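Remarks on the overall topology
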Amino acid sequence: MLTTEKGVVEEWLSEFKTLPETSISEYARNLKDKSALVSSLYKVIQEPQSELLEPVCHQLFEFYRSGEKKLLLFTLQFLPELMWCYLTMSTAWKRQSTGCVEALLLGVYNLEIVDKQGHNKVLSFTIPSLSKPSIYHEPSSIGSMALTESALSQHGLSKVVYSGPHPQREMLTAQNKFEVLTFLLLCYNAALTYMPSVSLQSLCQISSRICICGYPRQHVRKYKGINSRIPVSSEFMVQLLTGVYFAFYNGEWDMAQTALEDILYRAQLELYPEPLLVANAIKTSLPAVAMKSSKEGKRSIQVEITQTSSRISRNAVTSMSIRGHRWKRHEQDDNSQDSADPGILVIPELSVTKVAGERPGNGEKSKVLGENDAQHVQGVQDPAPDPRAESKGLPELRRQKSVRRVMEDGLTPPGRGPL
C-alpha cells in the first residue's frame, strides 16, 4: 500500500470522528465522489495484515448503523470484498487476522434481521403468475398453460415464499457461515441499482475465485492466490448469480461472462440443481453480441418486450368452435345422402315449424331451395283455406283413392273397358 493511499484513509478516519451531527447528510452526499478514497479502502481490505483494517471495519460499521441511507450504501459496496477476505483467511486457518471482518459481517447481519423496534423480520416474496403479462412475457405466447394459470388466478391463488425469522448470531462457524453470507448477499442484491461499477467488478471477481480455487480451472484463469478449495452452498451460488446477471447489462459484460462460466463450472462439479438451472437460464437468455451499455445514468436490466397479441389461443375450445364442428358434421351427412344410389328416392326433411318472420339461428347457413321445395314451403306458409271449400272437393279425392287402389290390385276399374 502506497503512502498516499494510507494518508487518504487516515484522513477519512479522523474526519468523520470530528464531524458534527448537522453535517452528516451533506458529508454522505459527497462521499460517493471520492474515488481515491474508495480505491484506497479496497487496498486496505485486500491486505489482511494491514494495521488500518481494524479501524476501517469499525468505521464502516458506524456508517451502517448511523441511519443515513447513503452511508449505509457506502458500506454495502465493500460487502463482496469483505466476504472474500473472510473466506480466504478462514480457509487458511488465520482466523485471528479476520476478527474485525467477522465482527463487521455479523454486525450488518444482526442489524438486517430485525426492524426498528427490534423484532425479527419476516421477508415475503410473491411469485408472479404466468397468466398476467409482465415485461418478460405475454400470456398468449405460452399456449395452453395460460388457460390453466388464468383459471387459478381467478380464484386469487398466488404462492408466497417467506424468509425468516433469522436467528441472531454471535460468531461465524462452519455450520452457519454460509447462512449468514447468503443473507448478506440478499441484502446486497436488493441495493444493486445503487452499487458503483467497482463494486460490481469486485462481485464478479470473487464469484470466479470462490468457484475455481483448488480446481483445474484455476490454472486456466492464471489465478495465483490460495490453492485451497472453498466450500459453497447452493443458495449462496444463486445469490452470486443474481448479482452477476445484473452486471451483464450494466457495463461489466466481460467480467460477468467469466463469472457465469466459472459458477456454472462449479455447479456442475457439485451437482447443485438450483445454480445449474439459474446459470443455464441466464446463459440462454443472453444476446448474441456483447451489450455495451453505459456505466452512467440509471441502471436497469434490458429486456425485449414481445408484441401484444390476442389473448385467446387459436386452439382454445369455445362455443363458436363447437357450433362450427356441428355444422361440418351436418354437411358431411348431407353430402353422404347426395352420393347415394340415384334410383332410390330420397325425401328431404322439411321443417314446418320455421314460419315466416322467425329469425334463423346464429351462424346458420342459408339453403337454396329447389323449385318444388319452394312451392311446398310456400304452400305450408299460406293461410289455411276455407273448410267449406275443402268439403266440396272430398268426393273427387275419394274417387281418386279408390281408382288407385284398384290399379294396385291389378283389377280394371268399373265403367272402363280394356284399352
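Quick summary incoming for the structure in this document. All figures in this text were calculated on a predicted structure; none of them were measured in a lab.

1. Section: the packing of helix H4 (residues 53-64) against helix H5 (residues 69-76)
Viewed as axis vectors pointing N to C, H4 and H5 meet at an angle of 140°, and their least axial separation amounts to 7 Å. By the angle between their axes, H4 is oblique relative to H5. The two elements H4 and H5 meet at a crossing, and its hand is left-handed. Contacts from Leu 60, Phe 63 and Tyr 64 of H4 reach H5 at Leu 71, Leu 72, Phe 74, Thr 75 and Leu 76. Its residues assigned to classes, the contact of H4 with H5 comprises seven nonpolar, one polar and no charged.

2. Some remarks on unusual backbone geometry
If you check the backbone angles, Lys 222 has positive phi at about 60° while not being a glycine. Following the sequence through the fold, Lys 222 ends up in the loop between helix H11 (217-221) and helix H12 (234-248). Within the chain, Leu 271 stands out as a residue other than glycine whose phi angle is a positive 60°. Positionally, Leu 271 belongs in the loop between helix H13 (253-270) and helix H14 (273-285).

3. Remarks on the packing of aromatic side chains
Counted according to the given criterion, the structure contains 14 aromatic pairs. Measuring from centroid to centroid gives 6.0 Å for Phe 16 and Tyr 27, while their planes differ by 40°, and the two rings are tilted. Of the two residues, Phe 16 is situated in helix H1 (residues 3-17) and Tyr 27 in helix H2 (residues 24-31); the sequence distance between them amounts to eleven residues. By relative accessible area, which is 15% here, Phe 16 ends up buried.

4. Things to note about the packing of H4 against helix H7 (residues 99-112)
Closest axis-to-axis distance for the H4/H7 pair is 9 Å, and the angle between their directions is 10°. Taken as axis vectors, H4 and H7 run roughly parallel relative to one another. Across from Leu 53, Glu 54, Cys 57, Leu 60, Phe 61 and Tyr 64 in H4, the residues of H7 making contact are Cys 100, Val 101, Leu 104, Gly 107, Val 108, Leu 111 and Glu 112. Its residues placed into classes, the contact of H4 with H7 shows ten nonpolar, one polar and two charged.

5. A closer look at the pattern of salt bridges
Going through the model one piece at a time under the given rule, you end up with ten salt bridges. Glu 62 is the salt-bridge partner of Arg 65, the closest N and O atoms lying 2.8 Å from each other. Given a relative accessible area of 48%, Arg 65 falls into the partly exposed group. Under the relative-accessibility criterion, Glu 62 is labelled partly exposed at 22%. Among the salt bridges present, the one from Arg 221 reaches Asp 262, with a minimum N-O distance of 2.9 Å.

About the thresholds
As a convention, each chain's residues are numbered from 1 in the sequence order in which they are written. Under the rules for a predicted model, residues below a pLDDT of 70 receive no local features and side-chain atom pairs below 80 are neither given nor counted, while totals for whole chains, interfaces and linings still include all residues. Values reported for side chains reflect all heavy atoms of the structure, with hydrogen atoms and water molecules removed beforehand. In this description, a line fitted to the C-alpha atoms serves as the axis of each element, helices being fitted only across the stretch in contact, and the angle between N-to-C directions of two axes falls anywhere from 0 to 180 degrees. A run of H or I in DSSP counts as a helix once it spans at least four residues, and a run of E counts as a strand once it spans at least two, with each numbered from the N terminus. Every angle not falling under 35 degrees, over 145, or within 65 to 115 is termed oblique; those three ranges are roughly parallel, roughly antiparallel and roughly perpendicular. Less than a right angle of anticlockwise turn of the near helix away from the far helix marks a crossing as left-handed, whereas a clockwise turn marks it as right-handed. Should any heavy atoms of two residues lie within 4.5 Å, those residues are considered in contact. We call Asp, Glu, Lys and Arg charged. Ala, Val, Leu, Ile, Met, Phe, Trp, Tyr, Cys and Pro are nonpolar, and the rest, Gly among them, are polar. Side-chain rings of Phe, Tyr and Trp, where Trp is taken by its six-membered ring, are said to pair if the distance between their centres is within 6.5 Å; with planes under 30 degrees apart they count as stacked, over 60 as edge-to-face, and otherwise as tilted. Burial classification: accessible surface area is computed with a 1.4 Å probe over protein chains only, and a residue below 20% of its type maximum counts as buried, one above 50% as exposed, and the rest as partly exposed. Here, a salt bridge means any side-chain nitrogen of Lys or Arg that lies within 4 Å of a carboxyl oxygen of Asp or Glu.

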